[in-house]
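Structural overview
Chain residues, written in single-letter form:
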Amino acid sequence: MKLTRRTLVSTLTGLSVLVAAGCSPQSNKQAGVGTANDDKVVSVYSSRHYDTDEELYDKFTSKTGIEVKLIEGDADQLIERIKTEGKNSPADVFITVDAGRLWRAEEEGLFQPVSSSVLKAAVPQNLRHPDGLWFGLTKRARVIVYNKDAVKPSELSTYEALAEPQWKGRVCVRSSNNVYNQSLLGSMVESEGVEKTENWAKGLVSNLAREPEGGDIEQIAGVAKGVCDVAIVNHYYWARIAKSDDAQDQAAIAKTGVFFPNQEGRGTHVNISGAGVVATAPHSENAVAFLEYLVSPEAQKIFAEGNNEYPVVEGVEVEPIVAQLGKFKVDSVNVAAYGRNNPEVIKIVDGAGWK
């Protein structure tokens with residue numbers, strides 16, 4: 001778990017929690033954590049590991065005078081931490097990537113509902129929890145990367161088509177353990193039903209060029225090297241490589257293209273990074289103000305530039321490399337369905353033999 005320069009000092013040992021090192025939980029106020037909403041602090045637990053997010057926190061503090069105290073770590077680790085800290089947790093906001101991880105936190109009862117006209121107006125309905133438990137902050141599209149020498153864009157159409165016989169031995173994808181793939185299948189279950197999703201998973205597995213290995217960057221490398229002709233990845237990994245000065249990276253970009261699937265149907269699957277106010281937040285008003293700032297045009301532009309993601313707010317510019325990919329139709333299914341359908345997805349991938 002990364003402790004940053006704004007870290008709210010705390011120590012987690014087994015199931016014992018001491019908040020504000022050297023003090024008991026009852027002494028939060030004296031330790032500078034505070035318990036009243038008028039305290040000028042908001043404690044953020046985040047699994048986003050992008051240095052550019054620091055600019056967001058600095059600008060929020062500059063505008064409001066509210067200090068951001070930050071703890072970074074793995075999403076599951078932070079969820080367990082908040083659970084273990086219980087009512088004494090200093091956490092006000094939990095930020096993570098992927099709606100599936102937000103669902104995990106939701107299932108643990110870690111969020112409180114937020115009623116904010118600012119958030120409702122800024123975040124499209126399909127990118128936030130129906131009951132206001134969490135809100136999308138950025139979008140990431142799950143696209144098809146293809147080898148330009150082996151595939152013409154006209155040969156591509158949908159995710160579903162990758163399970164057809166013509167793609168036998170030509171597909172790369174990372175493990176089904178990855179939450180990005182689980183959320184993709186969760187959206188399919190919502191739109192197409194269990195049976196069609198099962199058939200697709202089985203067909204995809206039978207078309208793999210190799211057993212799943214590595215992350216999305218490794219899938220792109222596989223396509224560039226001719227190990228496979230197509231791969232399913234998040235768009236920003238391709239954009240990240242495209243912005244690299246490394247000659248090998250530039251060679252990979254020259255050999256690959258990006259295709260947005262399902263444009264004639266439901267649209268391309270998108271996921272989010274998102275955040276919610278923790279149920280036991282000692283500074284809930286500051287937490288809501290923080291979330292409202294994160295969906296402001298200024299903050300959305302910083303998000304977009306920081307990790308080549310798409311803003312959730314309409315009208316905010318994207319990175320030039322991402323803009324070159326063009327506009328696309330987005331699947332309108334509510335991202336909350338990804339986590340809700342996750343138990344069924346696990347059964348599907350196990351049955352398909354997707355490692």
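These notes cover the structure that comes with them. (Residues numbered from 1 in each chain as written. Predicted model: local features only at pLDDT ≥ 70, side-chain atom pairs only at ≥ 80, totals over all residues. Heavy atoms only, no water.)

**Notes on the overall build of the protein chain**
Definition in use: Helix and strand definitions here come from DSSP, where helices need a minimum of 4 consecutive H or I residues and strands a minimum of 2 consecutive E residues; each element is numbered from the N-terminal end. Type-normalised accessible area, obtained with a 1.4 Å probe on protein chains alone, sets the label of each residue: buried when under 20%, exposed when over 50%, and partly exposed for intermediate values. We call two residues contacting when some pair of their heavy atoms lies within 4.5 Å. Surface exposure here means Shrake-Rupley accessible area, sampled with a 1.4 Å probe, where a residue is shielded only by the protein chains that are shown.
A count of helices and strands for the protein chain gives 15 helices and twelve strands. Split into buried and exposed, the 355 residues of the protein chain put 58% on the buried side. Partitioning the contacts of the protein chain with sequence separation of at least 6, the portion at a separation of at least 24 is 77%. Carbon and sulfur atoms form 48% of the exposed surface of the protein chain, whose accessible area is close to 14600 Å².

**Description of the pattern of salt bridges**
Any two side chains of opposite charge can pair, so long as their charged atoms come close to each other. So the rule is basically this: Salt bridges are identified by distance alone: a Lys or Arg side-chain nitrogen within 4 Å of an Asp or Glu carboxyl oxygen.
For the structure shown, the criterion picks out 20 salt bridges. Glu67 serves as the salt-bridge partner of Lys69, at 3.7 Å between the closest nitrogen and oxygen. Exposure remark for Lys69: the relative accessible area of 17% places this residue in the buried category. Among the ionic pairs, Lys301 bridges to Glu305, the shortest N-O distance being 2.4 Å. In this pair, Lys301 and Glu305 both sit in helix 12 (residues 297-307), four residues apart, roughly one turn of the helix. Looking at Lys301, the relative accessible area reads 35%, which means it is partly exposed. Accessibility expressed as a relative area gives 37% for Glu305, which makes it partly exposed.

**Description of the nonpolar core**
Condition: Residue types Ala, Val, Leu, Ile, Met, Phe, Trp, Tyr and Cys, when buried and joined through side-chain atoms within 4.5 Å, form a set referred to as a nonpolar core.
Grouped together as the largest cluster of nonpolar side chains are 80 residues, with contacts concentrated most on Val42, Val93, Phe94, Ile95, Phe290, Leu291 and Leu294. Those residues in contact with Leu291 that sit more than four places away from it in its chain are Val93, Leu119, Phe135, Ala275, Gly276 and Val277. Within the second largest apolar cluster, 26 residues are counted, among which are Tyr159, Val173, Val189 and Ala352.

**A few points about the packing of helix 6 (residues 179-192) against helix 15 (residues 342-352)**
Spelled out, the test is: Convention adopted: a line fitted to C-alpha atoms gives each axis, helices being fitted over their contacting stretch, and angles between N-to-C directions are expressed from 0 to 180 degrees. To sort the angles, those under 35 degrees are grouped as roughly parallel, those over 145 as roughly antiparallel, those from 65 to 115 as roughly perpendicular, and the leftovers as oblique. All residues other than Ala, Val, Leu, Ile, Met, Phe, Trp, Tyr, Cys, Pro, Asp, Glu, Lys and Arg, Gly among them, are scored as polar; the first ten of these are nonpolar and the last four charged.
Contact geometry of helix 6 with helix 15 gives a least axis separation of 9 Å together with a crossing angle of 105°. Classified by the angle between their axes, helix 6 and helix 15 sit roughly perpendicular to one another. Where helix 6 approaches helix 15, its residues Gln182, Leu185, Gly186 and Val189 are matched on the opposing element by Asn342, Val345, Ile346, Ile348 and Val349. Of the residues that constitute the contact of helix 6 with helix 15, the class distribution is six nonpolar, three polar and no charged.

**A look at the state of the cysteines**
Which entries qualify depends on this criterion: Two cysteine sulfurs form a disulfide in these notes if their separation is within 2.5 Å.
Tallying each qualifying case throughout the model produces one disulfide. There is a disulfide in this structure between Cys172 and Cys228, and the S-S distance comes to 2.1 Å. With the S-S dihedral at roughly -110°, the linkage between Cys172 and Cys228 falls on the left-handed side. Here Cys172, found in strand 8 (residues 171-172), pairs with Cys228, found in the loop between helix 8 (216-225) and strand 9 (230-234); they are 56 residues apart in sequence, far enough to count as distant.

**Some thoughts on the environment of Trp200**
What counts, and what does not: N or O atoms closer than or at 3.5 Å make up a polar contact, with two conditions inside protein: a donor-capable atom paired with an acceptor-capable one, and, for residues adjacent in sequence, both atoms drawn from side chains.
For Trp200, the position within the fold is in helix 7 (residues 194-206). Measuring from C-alpha to C-alpha, the distance between Trp200 and Glu164 comes to 8.7 Å, with 36 residues separating the pair along the chain. Apart from residues lying up to four places away in sequence, Trp200 is in contact with Tyr159, Glu160, Ala163, Leu184, Leu185, Met188, Ile232 and Trp354. Within the local environment of Trp200, its side chain forms a polar contact with the backbone oxygen of Tyr159, the two atoms lying 2.7 Å apart.

**What about the pairing of strand 6 (residues 93-97)?**
The cut-off we apply is this: DSSP bridges decide pairing: two strands pair if at least two such bridges lie between them.
Burial analysis of strand 6 places five of its five residues in the buried class, which makes it a mostly covered element. Because side chains alternate across strand 6, one face comprises the buried residues Val93, Ile95 and Val97, and the other comprises Phe94 and Thr96, equally buried. Relative to strand 11 (residues 270-277), strand 6 runs antiparallel, the two sharing five bridges. The residue bridging Val93 from the neighbouring strand is Val277, located in strand 11.

**Observations concerning the packing of helix 2 (residues 53-64) against helix 12**
The description of two packed helices rests on the angle between their axes and on the distance between the axes. Under the convention used in this document: A clockwise turn of the near helix away from the far one marks a right-handed crossing, whereas an anticlockwise turn of less than a right angle marks a left-handed crossing.
Contact geometry for helix 2 and helix 12: axes closest at 9 Å, N-to-C directions at 165°. Judged by the angle between their axes, helix 2 and helix 12 are roughly antiparallel. Of the two elements, helix 2 crosses helix 12, and the hand of that crossing is right-handed. Residues Asp53, Glu55, Leu56, Lys59 and Lys63 of helix 2 form the contact with helix 12, whose participating residues are Glu298, Ala299, Ile302 and Phe303.

**Side note on the side chain of Arg266**
Its place among the elements puts Arg266 in the loop between strand 10 (256-259) and strand 11. A distance of 2.8 Å separates polar atoms of two side chains, one belonging to Arg266 and the other to Glu160. A polar side-chain atom of Arg266 sits 3.1 Å from a polar atom in the side chain of Glu192. Each residue touching Arg266, except ones within four places of it in the same chain, is listed here: Tyr159, Glu160, Met188, Ser191, Glu192, Lys329, Val330, Asp331 and Ser332.

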